[in-house]
Amino acid sequence: MFATVTLELLKGFVETLKIFLLTVGFSVPLGVVICMGSMHRFTPLRVLVRGLVWVIRGTPLMLQLILIFYGPSLLFEVQGFDRFTAVIVAFSLNYACYFSEIYRGGYSSIPVGQFEAGRVLGMSKTQIFFRVILVQVVKNVLAPMGNEFITLVKDTALSRTIAIYEVTYMGQSFIKKGLLWPLLFTGVFYLLFSGVLTVLFSKLEKKLSYIRS
Amino acid sequence: MALLEVRNLEKSFGETKVLKQVSFSLEQGQVLVIIGSSGGGKTTLLRSLNGLETPDSGEILVGGIPAKGRSDAFGLVFQNYNLFPQYTALQNVTLAPTLKKKGTKAEIRQQATELLNRVGLSDKVDHYPSQLSGGQQQRVAIARALAMQPQILCFDEPTSALDPELTEEVLQTILDLRKEGRTMIVVTHEMGFAKSVADVIMYIADGVIEEMGTPEQLFDHPESEKTRSFLQHAKVEWEAM
Ligand SMILES: Nc1ncnc2c1ncn2[C@@H]1O[C@H](COP(=O)(O)OP(=O)(O)O)[C@@H](O)[C@H]1O
Ligand SMILES: [Mg+2]
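Just so it is clear, the model here is predicted, and its values are computed rather than measured.

## Some words on the overall build of chain A
Helices and strands together make up the secondary structure of chain A, namely eight helices and zero strands. Ordered by position from N to C terminus, the α and β elements of chain A give α-α-α-α-α-α-α-α. Counting only C-alpha atoms, chain A reaches 70 × 45 × 20 Å along its principal axes. Sorting the 213 residues of chain A into buried and exposed places 42% on the buried side. Taking contacts inside chain A between residues at least 6 apart in sequence as the whole, the part at least 24 apart equals 76%. When the accessible surface of chain A is totalled, it reaches about 11,700 Å², and 70% of it is carbon and sulfur. One way to put it: in chain A the 20 positive side-chain charges average out to a point 9 Å from where the 10 negative ones average out.

Structure follows, in structure tokens:
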């Protein structure tokens, strides 16, 4: 019995892992693009992007997920995304908006003297960004990004709303057979996963700890 | 002809005129010390020379050529060092010359090592800024500025962020540079140091050069009433320390 349950949960966990990795893969770079938009000199663009970020951060991810999955076919009568794609689109967009704010904070907190020191030494804007600023931003965003990653691990469970068979869904399916413990057992998967991430991030933070002025 | 020629420099921030018709010149190898109360425009003047502020009008000529956009004209040492925290002392010094292709890697490294040696940090080349004292960081910053071989090196209150016991090593470094015949502009509140390092002293008040002359002229026989009163206050503070 235990083996059967574990196997089923593992199947679910593979889905969970896929959602996590794909979301990270898309949202980390998309966050950079959104961040650049939210700091752009061109005001209409900046206002538009900040508006988008406000909406996405101010409404439930579950709502966005449902809207992205059912919206296209119901509103425009076009073929929408399949379930899994809808999850990835919704999650990536949502997390990219959160990341963009973290990036913006990490960038804004770089002392202006770092830019000026580069300028006085004759470095170009690009050189200053890539050789001086970037690593410091990475260091600044590491801790808040770690928190978001752990939140994402748990948010993957939301995808069951549109019937993705991730690990929570699998655990819950045993309730029909009168078993509660498989659902509790899924907690172990989440705990192990977020534990690994915590260790990984604290290692990274340690690695960059020499960067402080 | 003078190495530096500043003519009718003007700079406003909004409604406030911070520099008013600032004109002066500086000979090759001379050290100019700028003194004056806080808010007088000393930092704005240095920043304008270094291209960090765009003057509203006026000219800045180094060797007869406008300094704008030239990285060889001025170097600047900041009050709070502004070292790049992710790089070692040596890397801080080599970064800009490497990017600007000032020589081969080996040449740049060699020069940087010599510069760090000259500011007394040969045993700290592989230390990160976070592992150095304020005085050591400021000396790395001096070496970093020198590595770009600027014709005129500027210092904006290089010791005012330092604990008193660490100011001496930085002031000594600047005195050493003077002996090498470097052309320098130093903003400082250390009057004793000003006297010993300056060929020329400039007193700035409210964006105007109130008085300029040799240390003897300015400290012993100030012409302007404003200068006299400023020095009196400075002297009281200085003696109180
Ligand atoms: N970026 C700025 N924006 C607005 N006002 C400024 C700015 N920088 C300096 N000022 C003003 O210009 C005046 C001169 O400042 P500063 O050059 O820093 O003087 P000092 O270095 O002699 O203390 C001050 O009144 C200061 O408030
Ligand atoms: Mg100042």
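## Comments concerning the packing of helix 4 (residues 134-147) of chain B against helix 5 (residues 164-179) of chain B
All names here are of chain B. The N-to-C vectors of helix 4 and helix 5 enclose an angle of 20 degrees; their axes lie 8 Å apart at closest approach. By the criterion of interaxial angle, the relationship of helix 4 to helix 5 is roughly parallel. In the packing of helix 4 onto helix 5, the handedness of the crossing is right-handed. In contact with G134, G135, Q136, Q138, R139, I142 and L146 of helix 4, helix 5 contributes L166, E169, V170, T173 and L177. Grouping the constituent residues of the contact of helix 4 with helix 5 by class yields five nonpolar, five polar and two charged.

## So, the pairing of strand 10 (residues 208-213) of chain B
All names here are of chain B. The sheet contact formed by strand 9 (residues 200-205) and strand 10 spans five bridges and is antiparallel. Across the sheet, I204 pairs through a bridge with I209, a residue of strand 10. The antiparallel hairpin formed by strand 9 and strand 10 contains two residues in its connecting segment, where D206 sits at a positive phi of about 50 degrees.

## A closer look at the interface of chain B and chain A
On the side of chain A, 19 residues touch chain B, which itself brings 24 residues to the contact. In total, about 2,000 Å² of surface goes out of reach between chain B and chain A, with carbon and sulfur atoms giving 62% of it. The largest share of the area that chain B buries against chain A comes from P85(B), Q86(B) and L99(B), three residues that together contribute 29% of it. The tally of links from chain B across to chain A stands at one salt bridge.

## Let's talk about unusual backbone geometry
Residues and elements named next belong to chain B. Phi is positive for Y81, which is not a glycine, with a value near 60 degrees. Under the relative-accessibility criterion, Y81 is labelled buried at 12%. One non-glycine residue with positive phi stands out, namely N82, at about 55 degrees. Position of N82 among the secondary structure elements: in the loop between strand 6 (74-77) and helix 2 (89-99).

## Examining the pattern of salt bridges
Residue and element names in this part refer to chain B. Within this structure, the stated rule accounts for 16 salt bridges over all chains. In this structure, K17 engages E10 in a salt bridge whose closest nitrogen and oxygen atoms are separated by 3.0 Å. On the basis of relative accessible area, K17 is assigned to the partly exposed category, the value being 44%. Of the residues examined, E10 reaches a relative accessible area of 8% and is grouped as buried. E180 is paired through a salt bridge with R182; the nearest N and O atoms lie 4.0 Å apart. We classify E180 as partly exposed; its relative accessible area is 40%.

## Focus on the pairing of strand 3 (residues 31-35) of chain B
All names here are of chain B. Extensive coverage of strand 3 is indicated by the burial of five of its five residues. Neither face of strand 3 is open: one carries V31, V33 and I35, the other L32 and I34, and all of them are buried. Judged from the four bridges that link them, strand 3 and strand 8 (residues 183-187) form a sheet pairing that is parallel. Bridging across to strand 8, L32 finds its partner in I185.

## Looking at the nonpolar core
Residue and element names in this part refer to chain B. If you look at the biggest cluster of nonpolar residues, it comprises 85 residues, and the most contacted ones within it are L4, L45, F74 and I185. Excluding its chain neighbours within four sequence positions, the residues that come into contact with I185 are L4, L26, L32, I34, L46, L49, I152, L153, C154 and F155. Counting residues in hydrophobic clusters, the runner-up holds 46 residues, among them L83, V93, A145 and V186.

## Topic: the sheet that holds strand 10 of chain B
All names here are of chain B. Within the open sheet, the six strands sit side by side as 6-7-8-3-9-10. Their pairing is mixed. If you trace the sheet from one side to the other, it starts and ends with strand 6 and strand 10, each paired once. Mean inter-strand twist for the sheet, computed between neighbouring axes without regard to direction, equals 20 degrees. Here helix 4 sits on the sheet in contact with strand 6 and strand 7 (152-156), set at roughly 170 degrees to strand 6.

What counts and how
- Residues numbered from 1 in each chain as written.
- Chains lettered and ligands numbered in written order.
- Predicted model: local features only at pLDDT ≥ 70, side-chain atom pairs only at ≥ 80, totals over all residues.
- Heavy atoms only, no water.
- Helix = DSSP H or I, 4+ residues; strand = E, 2+ residues; numbered from the N terminus.
- Buried < 20%, exposed > 50% of the residue type's maximum accessible area, 1.4 Å probe, protein only.
- Contact = heavy atoms within 4.5 Å.
- Areas by Shrake-Rupley, 256 points an atom, 1.4 Å probe, with all protein chains shown as cover.
- Lys, Arg positive; Asp, Glu negative; His and termini not counted.
- Charge placed at Lys NZ, Arg CZ, Asp CG, Glu CD.
- Axes fitted to C-alpha atoms, helices over the stretch in contact; angles between N-to-C directions.
- Parallel < 35°, antiparallel > 145°, perpendicular 65-115°, else oblique.
- Left-handed = near helix turned anticlockwise from the far one by under 90°.
- Nonpolar A, V, L, I, M, F, W, Y, C, P; charged D, E, K, R; others polar.
- Pairing = 2+ DSSP bridges.
- Buried area = accessible area lost by both parts, 1.4 Å probe.
- Salt bridge = Lys/Arg side-chain N within 4 Å of Asp/Glu carboxyl O.
- Core = buried A, V, L, I, M, F, W, Y, C linked by side-chain atoms within 4.5 Å.

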